[in-house]
Amino acid sequence: MCIRDRCTWHSELVGSAKHPTKGALVFARGSISTGTLIAEFAMEDVVTSTMNMPGFEALLAEMEPAEAQELLRHSCPNGSGLVCLQDGCHWNALLNHSSAPSVKQSCERYTADTVQLVAAHDIEPGDELTVDYDQSVGYELHSQEPLMARFLELCLEHRVCKQPSSLTSPPVKVTVLQPLAGTIVFVYSTEFEASRTFYEQALGLQLKDDRGFVVFYSLPGTANSLGVVSQGVSAAEVPPCTPTQCGRDTVMLCLLVSDVVGMFGRLSGMGYKFDQPPAINDRFGIHNALLRDPDGYLVEIQQFIDPVEQAQFTS
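From a predicted model like this one, the values you see are computed outputs, not experimental measurements. (Residues numbered from 1 in each chain as written. Predicted model: local features only at pLDDT ≥ 70, side-chain atom pairs only at ≥ 80, totals over all residues. Heavy atoms only, no water.)

**A word on the pairing of strand β18 (residues 252-256)**
The two faces of β18 differ: Leu253 and Leu255 on one face are buried, but Met252, Cys254 and Leu256 on the other face are not. Where β18 meets strand β21 (residues 298-304), five bridges bridge the pair, whose relative direction is parallel. Bridge pairing links methionine 252 to leucine 298 in β21. (Buried < 20%, exposed > 50% of the residue type's maximum accessible area, 1.4 Å probe, protein only. Helix = DSSP H or I, 4+ residues; strand = E, 2+ residues; numbered from the N terminus. Pairing = 2+ DSSP bridges.)

Written out as C-alpha cells, the structure is:
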C-alpha cells in the first residue's frame, strides 16, 4: 500500500493513515527491535469515559446508525464490568487486530492506569502495528461474561465486527511517499539587473535571498520561490537558456492577482509592453493579460473567475 500526503506522525516510531478497507491503520516509521517500548499512555488519555451497560444502550439508542457504529468501533467492555468509550482520535484506537500481533498491548483489560505498547518481535519500517484484541479486551476469551455477551449482541445488531476470529485481514505493508518539501522555479537571465527591477519593483515580489549571481523571491499563494539566475550559471552540464536565445517560449510564469486590469494599468504606466491586454478566457475560466520580462520570458497576470478556484491557489 502506497500512501502520499495522508499520514499522521505520532512519534519518531509511529505513524497512522487511512486505509480503503480497514478504515485506518498504524504503522512503524522505522525499525523497532523486539521488546522496545513503543508507547505508554495514561489511561485517561485513551479512554474518555466509562459507563454501565444500561447507560451505554441508552446512548446508542439516541444515535443515528452511522454514529452508533462509530461508537461501537471505539468502545469496549473492561474488566471491571463497565463499557469504556475510547478517544477515536487517539492513535491507540486505530490499532487493528491480528492473531499474530506485532505489538503486545498491556492494559489489564482497560483497568490499569496506563496502556503500554511493546514490540512483540522485530518490526520493519512500514509494517502495520497490530494487537491481539482477545489479549487486550477478551472479546471471545471472556464472551461468557454477561457484559461482554451483551456488547457483542449490540455489535451484531449494528453490523460492527469485534470478534477476533472474524477479523482475518492480514497486516498491511505501508510505503510512504514523502511529499516534496518545497519548490523553486529558476529563470535564466542575460538582463540580470533589468530582471531584478522587473520582479522587485514592477511586480513587487519580496526578496528572499541575494547571492550575487542568483536572487530568490518569495512567491505569493502556495508556491515557494522564484530564482533568477545569471545566464550560464547552473548545476546542469548544459545550462538552460533564455527564450530569446532559444527562439521560442520555454516557460511561462503565472502570477495570480485580485485585479488584472489594475495590475495592467500599473505595469503599463511603468513602460512595460503587453503581448495581450486584459481579456476573459472562457475556456480556462480566467481573466488574464500577458507580457514579457526583460529576457523575453512570458509572464501571465491572471485571476480565476470563480472565487472558490481563486482561493484554492491564493489562500
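**Observations concerning helix α3 (residues 65-73)**
Of all the residues in α3, the buried ones are Ala68, Leu71 and Leu72. An end-on view of α3 places all buried positions within 95 degrees of arc, on one side of the element. Among the structural elements, α2 (53-61), β7 (75-77), β8 (83-86) and α5 (146-157) are those in contact with the buried residues of α3. (Arc of directions from axis to C-beta. Contact = heavy atoms within 4.5 Å.)

**Quick word on the state of the cysteines**
Working definition of a disulfide: a covalent bond connecting the sulfur atoms of two cysteines. Under the defined criterion, the tally for this structure stands at one disulfide. The thiol of cysteine 89 is unpaired, and the distance to the nearest cysteine sulfur, on cysteine 76, comes to 17 Å. Considering cysteine sulfurs only, cysteine 161 is the nearest to cysteine 155, which forms no disulfide, with 8.4 Å between them. The buried category is assigned to cysteine 155, whose relative accessible area is 1%. (Disulfide = S-S within 2.5 Å.)

**Describing the side chain of histidine 19**
Take histidine 19: it is sitting in strand β3 (residues 14-19). For histidine 19, a relative accessible area of 14% corresponds to the buried category. Here threonine 21 takes part through its backbone nitrogen, which lies 3.1 Å from a polar atom of the side chain of histidine 19. A polar contact of 3.0 Å, which involves the side chain of histidine 19, links it to the backbone nitrogen of lysine 22. (Polar contact = N/O pair within 3.5 Å; in protein donor to acceptor, adjacent residues only side chain to side chain.)

**So, α2**
Buried within α2 are the following residues: Met53, Phe56 and Leu60. Projected onto a plane normal to the axis of α2, the buried residues spread over an arc of 60 degrees and lie on a single side. Exposed side chains of α2 directed beyond 90 degrees from the buried face belong to Pro54 and Ala61. For α2, the N-terminal capping position is held by asparagine 52, with its side-chain oxygen 2.8 Å away from the main-chain nitrogen of glycine 55.

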